[in-house]
Amino acid sequence: MRPLHAVVVGAIILALVAAGCGEAIPSSNGGPASLKLDGRYLVDRQGHSVYLFEKDESGESYCDGACAAVWPPLETSTAPQAGAGVQGAALGTIKRSDGDMQVTYHGHPLYYYAADASTPGKTKGEDIDQFGDSWYLVGSHGQPVEPENHSGGGGY
């Protein structure tokens, strides 16, 4: 009986953690979306990193269900706005399978990463392979931003 109790308690704890993380994940909640360049990659107006999924093609999102829980789409109800370093003409939207409008940049649907949580400036989703392809930060021209190589010789 004890193992069943441990399983139930574990499931309740996981559910509470997931619910708490759901609120911590950055979300436009369908409101206005604004993007700007923060160094080498795009962020939303609060400074949360946005990503592209290499599996997406022709302005179509291939991330829904469990994928969208880990990689929430950047959604909007209005035309997205360009901030510093972002090409306004390259911003757009697509209609997702659930009917919501997702922000695109140079045709790439944009996403947040749940592990970045609500802390602006985190980039834990950089160069990750999940849900069948790679995820990258988005560069100023819509290109995937390759991770910086930090394994140099150290200057000795």
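Residues numbered from 1 in each chain as written. Predicted model: local features only at pLDDT ≥ 70, side-chain atom pairs only at ≥ 80, totals over all residues. Heavy atoms only, no water.

(A) View of the side chain of Gln 102. Within the fold, Gln 102 resides in strand β6 (residues 101-105). Taking the relative accessible area as the measure of exposure, Gln 102 reaches 0% and is therefore buried. Separated by 2.7 Å, the side chains of Gln 102 and Arg 96 make a polar contact. (Helix = DSSP H or I, 4+ residues; strand = E, 2+ residues; numbered from the N terminus. Buried < 20%, exposed > 50% of the residue type's maximum accessible area, 1.4 Å probe, protein only. Polar contact = N/O pair within 3.5 Å; in protein donor to acceptor, adjacent residues only side chain to side chain.)

(B) Examining the sheet that holds strand β2 (residues 41-44) more closely. Pairing in this open sheet of three strands is mixed, and the strands run β2-β1-β4 from one edge to the other. Bordering the open sheet on either side are β2 and β4 (81-82), each of which pairs with just one other strand. Sheet topology note: the strand β1 (residues 34-38)/β2 ladder contains four bridges and is antiparallel. When the bridges of β2 are listed, Asp 38 appears paired with Tyr 41. (Pairing = 2+ DSSP bridges.)

(C) A look at the side chain of Arg 96. With respect to the secondary-structure elements, Arg 96 resides in the loop between β5 (91-95) and β6. The class of Arg 96 is buried, set by a relative accessible area of 9%. Those residues in contact with Arg 96, other than ones at most four positions away along the chain, are Ser 61, Cys 63, Asp 64, Ala 68, Pro 73, Glu 75, Gln 102 and Tyr 111. (Contact = heavy atoms within 4.5 Å.)

(D) Representation of the environment of Val 86 in the model. Along the chain, Val 86 falls in the loop between β4 and β5. Between the C-alpha atom of Val 86 and that of Lys 36, which follows or precedes it by 50 residues, the distance is 5.6 Å. With residues up to four places along the chain from it excluded, the contact list for Val 86 reads Leu 35, Lys 36, Leu 37, Leu 42, Leu 91 and Tyr 105.

(E) A look at the state of the cysteines. Scanning the model with the defined rule gives one disulfide in all. Put simply, Cys 63 and Cys 67 are joined by a disulfide, and their sulfur atoms are 2.0 Å apart. Here the S-S torsion is close to -105°, and the disulfide linking Cys 63 with Cys 67 is therefore left-handed. This pair shows no difference in class: Cys 63 is buried, exactly as Cys 67 is. (Disulfide = S-S within 2.5 Å.)

(F) Summary view of the nonpolar core. If you look at the biggest cluster of nonpolar residues, it comprises 15 residues, and the most contacted ones within it are Leu 35, Leu 42, Val 50, Leu 74, Val 103, Tyr 105 and Leu 110. Residue assignment for this core shows that the elements contributing at least two residues are β6 and β9 (133-138). Residues Cys 63, Tyr 113, Ile 128 and Val 145 belong to the second largest nonpolar core, which totals 14 residues. (Core = buried A, V, L, I, M, F, W, Y, C linked by side-chain atoms within 4.5 Å.)

(G) Expanded view of the confidence of the model for the protein. Mean pLDDT over the protein: 82, with 76% of residues reaching 70 or higher. Scored below 50 in pLDDT, residues 1-23 shows zero contacts in the model against residues more than four places distant or in partner chains. (pLDDT = per-residue confidence, 0-100.)

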